[in-house]
Amino acid sequence: MAQVERKGAVSEELLREFYREMLLIRRFEEKVEERFRAGELPGFLHVAIGQEAVAVGVCRALQDDDVIASTHRAHGHTLAKGTHPNELMAELYGKVEGCSKGYGGSMHLYDVERGNLGANAVVGGGLPGIVGAALAFKFRDEPRVAVAFFGDGATNIGTFHEALNLAQLWLVPAVFVCENNGWAESTPAHQQLPIDDLSKRAEAYGMKARRVGGQDVEEVFAAASEALEHARGGDGPVLLVCDTFRLTGHYVGDPQVYRPRDELARLRETEDPIEKLSARLDLTDEDVQEIEAEVVEIVEGSVEFAKAGTDPQPEDALKNVYA
Amino acid sequence: MAELTLVEAINSCFHHELQRDDSVMVMGEDVGRAGGVFRATAGLRDRFGPDRCVDTPLAEAGILGTAVGLCMAGWRPVCELQYDAFSYPALDQLITHVGRYRWRTRGGMEFPITIRMPYGGGVRAPELHDDSPETYYVHTPGVKVAIPSTPSDAKGLLAAAIRDPDPVVVFEPKLHYRTMRGEVPEGDHVVPLGKARVARMGSDLTLVAYGSMVPLVERAADALGGDASVEVLDVRTLKPLDEQALLASAAKTGRVVIVQEAPRTCGYAAELAAILAEKAILDLRGPVLRVTGYDVPYPYWQIEDAYMPSVERVVDAARKLLQY
């Protein structure tokens, strides 16, 4: 029996592209975890395993000259905005070939040419800048939108409120995408948020808001498209809350003592956005293997590319502080 | 040349720079309709429109953060923060973004932001309206800092800051906004960043100061008149510092007193003293002395005169040093 087309649904072909991209992000981040545990990637790394549908659903709804600001959990956004996995992996290895030339690392991924205004190590750090970029688009009458990603924890910080207030006051073309994964590092939602429905934060500013299931890429894409159209059309900013799940610790190596032991296993069974999409697409084993082989090759290639990269020279750190 | 007050000179700079370059814009609380609490931005909104002179809510992190985004999109925003201490909520954006973007992106992003604020005491204002927070800014990599002491420099340094490709913080001595008048060149007037000014030539002792302390040390120099030939060096740009001018004056006089209004510990005077210790030790005839504020919050008006460096304290330090 032919499947009934869902209203506003995206084509099967596009959904397959989403699947491929989400799987690429997943395999990329699993590789990052593996290389971290192998001792090749020092420092702090935050992966967004489980949140791929938000990155892909929102970024695929963008136009090329739209801009984003990301968070400390930035690999997915960065890949989805078009940065090549080689450049991203090289950045994690601190190489000159990296997207931030080896000076940013996981929490400061930049790709100015592709409209990535940067990841942010400080929670809420990117929101005011997105208001400014959007204000600039408005002043110049350019049909572009600026998008800020942030987590539920960021809605408690001052810059979130200042940014939403300014954005609505000036009716700038901005979309604020809250990746609501229910955790601020190791603090659960009920210990840090006085309300359940974060889309209500927008009410205080008279801002349009939507809340969608963030594990369904089709739903995210549809909601993001609508929010972007609203902003681009001059009707003002939108707060888009995507309820999602962090199917991993806060950072790579997090023992997660704060989380019930069986929770992750259960959520991985029921809330994996890639599995959900796979089921929706009715992919054959052959399809899955083909896509799997393709993304694994890209990821392996990115590690080779990164390892063969150029180490930055200490004296270069003294450059570019000033013009 | 027109004779203007210090704040009129700033206003004249804005009218010229906004006319000269249409990517220059001003933003801050009350800068538009009200023309700024001190009238520094008077007339800009009427002349250039609300998109070039943007009234904002009182939200300093939001103001500077918005400027970050505007900058990325090709504007040259000039942010007014109403008072010295009101800049602290914006320090987050300044330290985490403004000073770092060029470095992080390896020159991929220009950051021509100007941040200006009235600073300093002596106006009988309550706490948090009289701070001298320049050191926080000087200490932040990627940020330049200028402090004018005359109407002419107020216009010229602000013009240089606006045209500079890097973030520049300009502190304006609010004590002298209206109490100081001086000749100010009309039209184009730029005082390059990184150039100190010898405000007075002398051979026995150098008094080093900036901003509101410059007129004070000039009075101290007058008071010392008969006893010593005093040179006054107005630093003008704290970062980048005109080190050559500092060392040249120290080489000439061999005695240096540095005066700052800010609290003492790790203040800008300490940096100047360290540079002199490293590079001018053989030229010095005595220790480098500092006359500074105290390591306390700026006190309320009944006792603020006791906090502020005075002519007497500067003269005392100078006399002590002249005895070496």
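Bear in mind the structure is a predicted one, so any value in this text is a computation, not a measurement.

(A) How the structure looks around the overall build of chain B. For chain B, the count of helices and strands is twelve helices and 14 strands. Rg of the C-alpha trace for chain B: 19 Å, near the compact-globule value of 20 Å for 324 residues, within the 12% margin. Seen along its three principal axes, the alpha-carbon backbone of chain B occupies a region of about 60 × 40 × 40 Å. Residues counted as buried form 64% of the 324 residues belonging to chain B. By sequence separation, contacts in chain B at least 24 residues apart represent 82% of the contacts at least 6 residues apart. Accessible area for chain B stands at about 11,700 Å²; split by element, carbon and sulfur atoms hold 53% of it. Across chain B, 34 positive and 43 negative side-chain charges occur, with their mean positions spaced 3 Å apart.

(B) Highlighting the layout of surface pockets. Residue and element names in this part refer to chain B. In this structure, the largest pocket occupies an estimated 580 Å³ of space. What lines the largest pocket is a set of 28 residues, and nearest its centre among them are T135, Y136, C266, G267 and Y268. Counting only elements with at least two residues in the lining of the largest pocket, the list comes to α6 (134-138), β12 (237-239) and α10 (268-279). The element contributing the most residues to the lining of the largest pocket is α10, with four residues. For the lining of the largest pocket, the class distribution of residues is 17 nonpolar, five polar and six charged. The residues that make up the lining of the largest pocket include at least three from each of domain 1 (2-184) and domain 2 (197-322). The space that makes up the second largest pocket amounts to roughly 370 Å³. Residue classes in the lining of the second largest pocket are distributed as twelve nonpolar, 14 polar and four charged.

(C) Representation of empty space enclosed by the protein. Evaluated as defined, the whole model comprises four cavities of 30 Å³ or more. Taken as a whole, the largest cavity spans an internal volume of roughly 60 Å³. Together, A69, L117, N120, G125, G126, G129 and I130 of chain A together with V68, M72, Q93, H97 and Y101 of chain B line the largest cavity. Residue assignment for the lining of the largest cavity shows that the elements contributing at least two residues are α5 (127-139) of chain A together with α3 (60-72) and α4 (91-98) of chain B. For the lining of the largest cavity, the per-class residue count stands at six nonpolar, six polar and no charged.

(D) Layout of the confidence of the model for chain B. Per-residue confidence for chain B averages 96 on the pLDDT scale, and 100% of its residues sit at or above 70. Both scores are given for the predicted complex: the pTM is 0.94, the ipTM 0.91.

(E) Summary view of the packing of α5 of chain A against helix α6 (residues 158-170) of chain A. All names here are of chain A. It is at 8 Å that the axes of α5 and α6 come closest, and there the two elements cross at 15°. It follows that α5 is roughly parallel to α6 by the angle criterion. The crossing of α5 and α6 is left-handed. Contacts from L127, P128, V131, L135 and K138 in α5 reach T159, F160, A163, L164, L166, A167 and W170 in α6. Here the contact of α5 with α6 is composed, by residue class, of ten nonpolar, one polar and one charged.

(F) Quick peek at the pairing of strand β2 (residues 24-28) of chain B. Residue and element names in this part refer to chain B. Within β2, five of the five residues are buried, leaving the element largely enclosed by the surrounding structure. The sheet contact formed by β2 and strand β4 (residues 76-80) spans five bridges and is parallel. Within β4, the position partnered with V24 by the bridge is R76. Of the pairings in the sheet, the one linking β2 to strand β3 (residues 53-55) comprises three bridges and is parallel in character. Of the residues in β3, the one forming a bridge with G28 is D55.

(G) Summary view of the interface of chain A and chain B. Opposite the 33 residues of chain A that make contact, chain B presents 41 residues. Buried area between chain A and chain B, both sides added, is near 2,900 Å², and the carbon and sulfur share of it is 66%. The largest contributions to the chain A side of the interface with chain B come from F139, N320 and Y322 of chain A, which together make up 22% of the buried area. Counting every contact that joins chain A to chain B gives zero salt bridges. If you look at where chain A meets chain B, you find 18 residue pairs in polar contact (both at pLDDT 80 or more). Those elements that provide at least two residues to the side of chain A that touches chain B are α5 and α6 of chain A. Ranked by residues supplied to the side of chain A that touches chain B, first place goes to α5 of chain A with eight residues.

(H) Up close: the packing of aromatic side chains. All names here are of chain B. Under the defined criterion, the tally for this structure stands at 17 aromatic pairs over all chains. Between Y210 and Y268 the ring centres are 5.7 Å apart and the planes differ by 85°, which places this aromatic pair in the edge-to-face class. A residue pair is termed long-range when its members are at least 10 positions apart, and Y210 in the loop between β10 (205-209) and α8 (213-223) and Y268 in helix α10 qualify at 58 residues. You can call Y210 buried: its relative accessible area is 3%. According to the relative accessible area criterion, Y268 is buried, its value standing at 3%. Taken together, the ring pairs in this structure connect F38, Y83, F86 and Y177 into an aromatic cluster. In this arrangement the basic side chain of R104 is found over the ring face of Y101, its NZ or CZ atom lying 5.7 Å from the centre.

Rules of the game
- Residues numbered from 1 in each chain as written.
- Chains lettered and ligands numbered in written order.
- Predicted model: local features only at pLDDT ≥ 70, side-chain atom pairs only at ≥ 80, totals over all residues.
- Heavy atoms only, no water.
- Helix = DSSP H or I, 4+ residues; strand = E, 2+ residues; numbered from the N terminus.
- Rg over C-alpha atoms; globule rule 2.2 N^0.38 Å.
- Buried < 20%, exposed > 50% of the residue type's maximum accessible area, 1.4 Å probe, protein only.
- Contact = heavy atoms within 4.5 Å.
- Areas by Shrake-Rupley, 256 points an atom, 1.4 Å probe, with all protein chains shown as cover.
- Lys, Arg positive; Asp, Glu negative; His and termini not counted.
- Charge placed at Lys NZ, Arg CZ, Asp CG, Glu CD.
- 1 Å grid on protein atoms, 1.4 Å probe; cavity = no way out; pocket = protein on both sides within 12 Å on 5 of 7 lines; lining within 4 Å.
- Points joined across faces, edges and corners; volume = space filled by probe spheres on them.
- Nonpolar A, V, L, I, M, F, W, Y, C, P; charged D, E, K, R; others polar.
- Domains from an automatic or database assignment.
- pLDDT = per-residue confidence, 0-100.
- Axes fitted to C-alpha atoms, helices over the stretch in contact; angles between N-to-C directions.
- Parallel < 35°, antiparallel > 145°, perpendicular 65-115°, else oblique.
- Left-handed = near helix turned anticlockwise from the far one by under 90°.
- Pairing = 2+ DSSP bridges.
- Buried area = accessible area lost by both parts, 1.4 Å probe.
- Salt bridge = Lys/Arg side-chain N within 4 Å of Asp/Glu carboxyl O.
- Polar contact = N/O pair within 3.5 Å; in protein donor to acceptor, adjacent residues only side chain to side chain.
- Phe/Tyr/Trp six-rings, centres within 6.5 Å; stacked < 30°, edge-to-face > 60°.
- Lys NZ or Arg CZ within 6 Å of the ring centre and 35° of its normal.

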